[in-house]
Amino acid sequence: MKAKEIRQKYLDFFKSKGHTIIPSESLIPENDPTVLFTTAGMHPLVPYLMGEEHPGGNRVTNAQKCIRTSDIDEVGDTTHHTFFEMLGNWSFGDYFKKEAIEWSWEFLTSSEWLGLDKNRLACSVFEGDDNAPFDSEAFEIWKNLGMPEKRIARLGKKENWWGPAGETGPCGPDTEMFYWVGDPNKVPDSFNDDHDSWVEIWNDVFMQYNKTKDGNFEPLAQQNVDTGMGLERILAVINGVDDNYKTELFANIIKKIEELSNLKYGDDADDEYIKNGKRCWVNTRKQFRIIADHIKAAAFIMGDNKGVAPSNTDQGYIVRRLIRRAIRYGKQLGITKELWTKEIAQIVISDYKEAYPELEQNYVFILNEINKEEKKFSKTLEKGLKEFEKKGNINGKEAFDLYQTYGFPIEMTKELAEEKGIEIDEKEFKKELKKHQELSRTASAGKFKGGLADSGEETAKLHTATHLLNAALRKILGNHVYQKGSNITAKRLRFDFTHNEKLTVEEKQKVEELVNEVIQKDLPINFEEVTVDEAKEKGAIGVFDAKYGDKVKVYKIGSDKNLFSMEICGGPHVNSTGELGEFKIKKEQSSSAGVRRIKAVLK
Ligand code: SER
């Protein structure tokens, strides 16, 4: 079965169960300052899990592109990836455990759908702890479906609890499904999640709680379902291969790496090489997988509609880290060709462009950026490695110098140090980093883990302020003003818009005054759900490529008599402008040709 077919079957199945099919969201989260990437299908849906109405109704399904940087170190085995696709279905306060589990079972085992052997399936449920009880409901549902009790493991929070993605937010017990990828004639009677041959394929999360700042678990007003199935894994399982990298989703990429390195992937015997006159063995499968995974992930991040180029900060730093790590492993495989990473990126684009057309639209950008990055790094890699080899240990300053002079991401230096068995003083390195402010906030702030806004309220306020600012700019500067970008942290908003000149002192003042006037009027904020065409007709501004099928949300600030702003937007927003406090522009500067940037705060 092909990946395309599985994607389609999944969506068709859940459509037949009353779900609206929604497109994949961007890999770069909107209005969420606490994470760098979309890490799961549920991520862009958090407002709806918290009670906002979704234009697609209370049952939705999709295939979502995801990046999990927390799994970077696991990449190299048969099942982990930085980039993966997640098939998911959600209930926003609609169906709950019974339907979710029964549908998962039906989809996996019915001959009409995936037709997996029931005898090779097992599952786990939450065993209970101080915060929440044993999930006996899920347990009973599985039993009634015919799952033998010995195949239903009861596990703790580490395994059977999902979320919140950050410090706070929706979360709950989950039930995971596993498939036996070992010898079909030797499926054990009981399930043991430590055994490598039991591969997790699907996770049904029952989001009944909201974790609060003080660490309590409050029942959520609505009970939700959030499920996620990794496409790469299910593809491998269905086709009976024991390695995701041997599936169609990697085949062409791996073939290219074979061609470039003159090695063969997946030979059982480890490959031998000579280093410093000594015979060494390297399991080249790991290198192959890391290169394939990292370049794919980098291509997807650069090729996103909010695409990011390699840089020293935030998402850009991750792209840099992925490409540079791939280059280093390429060197280990003996790839000598110059500018080879783009050849792999090209394959990623052509393999995925049908499912994700943005890759083709951003083709030139992806190839240019990866080329530039490789050029930059391959010049210094060799010298940096030589420098590194001389060292008996690495202190923070030296690790920092390797970064500064040779462009070695800290994580790469750490990896090199581990391979050599020497320690690295990260604390000291971080101190050095702080001194050099332009460097990655990402690396220093440990932002990789991801997390949803634990500052939800502040974010919503700044988000509403962004709409006010957008409308005020149009009223004061003219209707040529269009939003070019928006980024919100817990502390400030940043807004990019089309305008050719620097704002005068008066203009800035007028904009500020107008926004504050609207705040003082305490105008209500409401939304309605309409089709894209209706939204256009009404004169709503915003991005018109329909996000959720046909219907979109239009947020209005003010009632019809004193309407101040009308924008297509997913939310969330505060209920009325009076909640915002005082609006203050902190900075106005150029962002790029014809685009200005404003940073503003609420006091
Ligand atoms: N959020 C859950 C996961 O990522 C299910 O989608 O596993």
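Residues numbered from 1 in each chain as written. Predicted model: local features only at pLDDT ≥ 70, side-chain atom pairs only at ≥ 80, totals over all residues. Heavy atoms only, no water.

Let's talk about the overall build of the protein
Along the protein, the regular secondary structure elements total 19 helices and 18 strands. Taking 25 Å as the expected radius of gyration for a compact globule of 603 residues, we find that the protein reaches 26 Å, a close match to that expectation. Along the first, second and third principal axes, the C-alpha atoms of the protein reach 75 × 65 × 45 Å. When burial is assessed residue by residue, the protein has 56% of its 603 residues classed as buried. If you take every contact in the protein between residues at least 6 apart in sequence, the share linking residues at least 24 apart comes to 70%. About 26,800 Å² of surface is accessible on the protein, with carbon and sulfur atoms providing 45% of the total. Taking the average location of the 88 positive side-chain charges in the protein and that of its 100 negative ones, the two points are 6 Å from each other. (Helix = DSSP H or I, 4+ residues; strand = E, 2+ residues; numbered from the N terminus. Rg over C-alpha atoms; globule rule 2.2 N^0.38 Å. Buried < 20%, exposed > 50% of the residue type's maximum accessible area, 1.4 Å probe, protein only. Contact = heavy atoms within 4.5 Å. Areas by Shrake-Rupley, 256 points an atom, 1.4 Å probe, with all protein chains shown as cover. Lys, Arg positive; Asp, Glu negative; His and termini not counted. Charge placed at Lys NZ, Arg CZ, Asp CG, Glu CD.)

Structural notes on the packing of aromatic side chains
Taken as a whole, this structure holds 30 aromatic pairs when the rule is applied. Ring centres of Phe83 and Phe300 lie 3.9 Å apart, and the angle between their planes is 15°; this geometry places the pair in the stacked category. Taken together, the positions of Phe83 in strand β3 (residues 83-92) and Phe300 in helix α8 (residues 284-302) put the pair 217 residues apart, joining distant regions of the chain. Relative accessible area serves as the criterion here: at 0%, Phe300 is assigned to the buried category. Cluster of aromatic residues (ring-pair linked, three or more members): Tyr10, Phe13, Phe14, Phe107, Trp113 and Trp202. Over the ring of Phe564 we find Lys475, and its NZ or CZ is 4.5 Å from the ring centre. Looking at Lys553, its charged tip hangs above the ring of Phe527, at a distance of 4.2 Å from the centre. (Phe/Tyr/Trp six-rings, centres within 6.5 Å; stacked < 30°, edge-to-face > 60°. Lys NZ or Arg CZ within 6 Å of the ring centre and 35° of its normal.)

Notes on the sheet that holds strand β14 (residues 525-531)
Reading across the sheet, the three strands line up as β14-β15-β16 and stay open at both edges, with antiparallel pairing between neighbours. Both edges of this open sheet fall to β14 and β16 (565-568), since each of them pairs with a single strand only. The mean inter-strand angle of the sheet, taken between neighbouring strand axes irrespective of direction, is 25°. In the sheet, strand β15 (residues 551-557) pairs with β16 via four bridges, with the strands oriented antiparallel. Bridge pairing in β16 places Lys556 opposite Met566. (Pairing = 2+ DSSP bridges. Axes fitted to C-alpha atoms, helices over the stretch in contact; angles between N-to-C directions.)

Quick notes on the site of the ligand
Residues in close proximity to the ligand include Ala40, Met42, Arg68, Met86, Trp162, Asn203, Val205, Asp226, Thr227 and Gly228, which together make up its full environment. Within the contact set of the ligand, an oxygen atom lies 3.5 Å away from a side-chain nitrogen or oxygen of Trp162. Residue Gly228 places a main-chain N or O atom 3.2 Å away from an oxygen atom belonging to the ligand. Relative to its free-state accessible area of 230 Å², the ligand is covered by the protein chains to the extent of 95%. Within the residue set of the shell around the ligand, elements represented by two or more residues are β8 (198-211) and β9 (217-230). When grouped by side-chain class, the residues that make up the shell around the ligand number five nonpolar, three polar and two charged. (Near = heavy atom within 4 Å. Polar contact = N/O pair within 3.5 Å; in protein donor to acceptor, adjacent residues only side chain to side chain. Nonpolar A, V, L, I, M, F, W, Y, C, P; charged D, E, K, R; others polar.)

Observations concerning helix α3 (residues 97-109)
Here α3 is 13 residues long and its end C-alpha atoms lie 18 Å apart, about the 18 Å a rise of 1.5 Å per residue gives. Of the positions making up α3, those classed as buried are Lys97, Ala100, Ile101, Trp103, Ser104, Trp105, Phe107, Leu108 and Thr109. (Expected span 1.5 Å × (residues − 1).)

Focus on the pairing of β9
Relative to β9, β3 runs antiparallel, the two sharing five bridges. For Phe92, the partnering residue across the bridge sits in β9 and is Asn224. Sheet analysis places β8 next to β9, joined by nine bridges and oriented antiparallel. Counterpart to Asn203 in the pairing with β9 is Gly228. Counted along the chain from β8 to the antiparallel partner β9, the turn is five residues long, and its residue Gly215 has a positive phi close to 85°.

Some words on the pattern of salt bridges
Close approach of charged atoms allows side chains of opposite charge to pair. Scanning the entire structure with this criterion turns up 40 salt bridges. Between Glu149 and Lys143 there is a salt bridge, and its shortest N-O distance comes to 3.5 Å. Given a relative accessible area of 47%, Glu149 falls into the partly exposed group. Among the salt bridges present, the one from Glu415 reaches Arg328, with a minimum N-O distance of 3.8 Å. Placement of Glu415 in helix α14 (residues 410-420) and of Arg328 in helix α9 (residues 314-332) is noted, with a sequence separation of 87 residues between them. In this structure, Glu415 and Arg328 share a single accessibility class: buried. Connected via shared salt-bridge partners are Lys256, Glu259, Lys337 and Glu343. (Salt bridge = Lys/Arg side-chain N within 4 Å of Asp/Glu carboxyl O.)

Remarks on the nonpolar core
Of all hydrophobic cores here, the largest spans 107 residues; its most connected members are Leu108, Trp142, Ile201, Trp202, Ile234, Ile301 and Phe408. It is α8 that contributes the most residues to this core, 11 residues altogether. Here Phe408 is in contact with Phe377, Thr380, Leu381, Gly384, Leu385, Leu402, Tyr403, Thr413 and Leu416, once residues within four sequence places are set aside. Of all hydrophobic cores here, the second largest spans 33 residues; its members include Leu477, Leu503, Ile525 and Phe583. (Core = buried A, V, L, I, M, F, W, Y, C linked by side-chain atoms within 4.5 Å.)

Section: the environment of Lys521
The topology assignment puts Lys521 in the loop between α18 (505-520) and β14. You can call Lys521 exposed: its relative accessible area is 51%. Sequence-wise, Lys521 and His499 are 22 residues apart; in three dimensions their C-alpha atoms are separated by 28 Å.

Describing the sheet that holds strand β18 (residues 595-602)
The four strands lie next to each other as β12-β13-β18-β17, forming an open sheet whose pairing is antiparallel. What marks the edges here is a single partner per strand, and that holds for β12 (483-488) and β17 (583-592). Between one strand axis and the next, the sheet turns by 20° as a mean value, whatever way the strands run. The sheet contact formed by β12 and strand β13 (residues 493-498) spans five bridges and is antiparallel. By the bridge assignment for β13, Ser486 is matched with Phe495.

Looking at the side chain of Thr61
Along the chain, the position of Thr61 falls in strand β2 (residues 59-67). The exposure class of Thr61 is buried, given its relative accessible area of 0%. Among the polar contacts made by the side chain of Thr61, one reaches the main-chain carbonyl oxygen of Gly88 at a distance of 2.8 Å. Residue contacts for Thr61: discarding those within four places in its chain leaves Tyr10, Leu11, Phe14, His19, Thr20, Ile21, Ile22, Gly88, Asn89 and Trp90.

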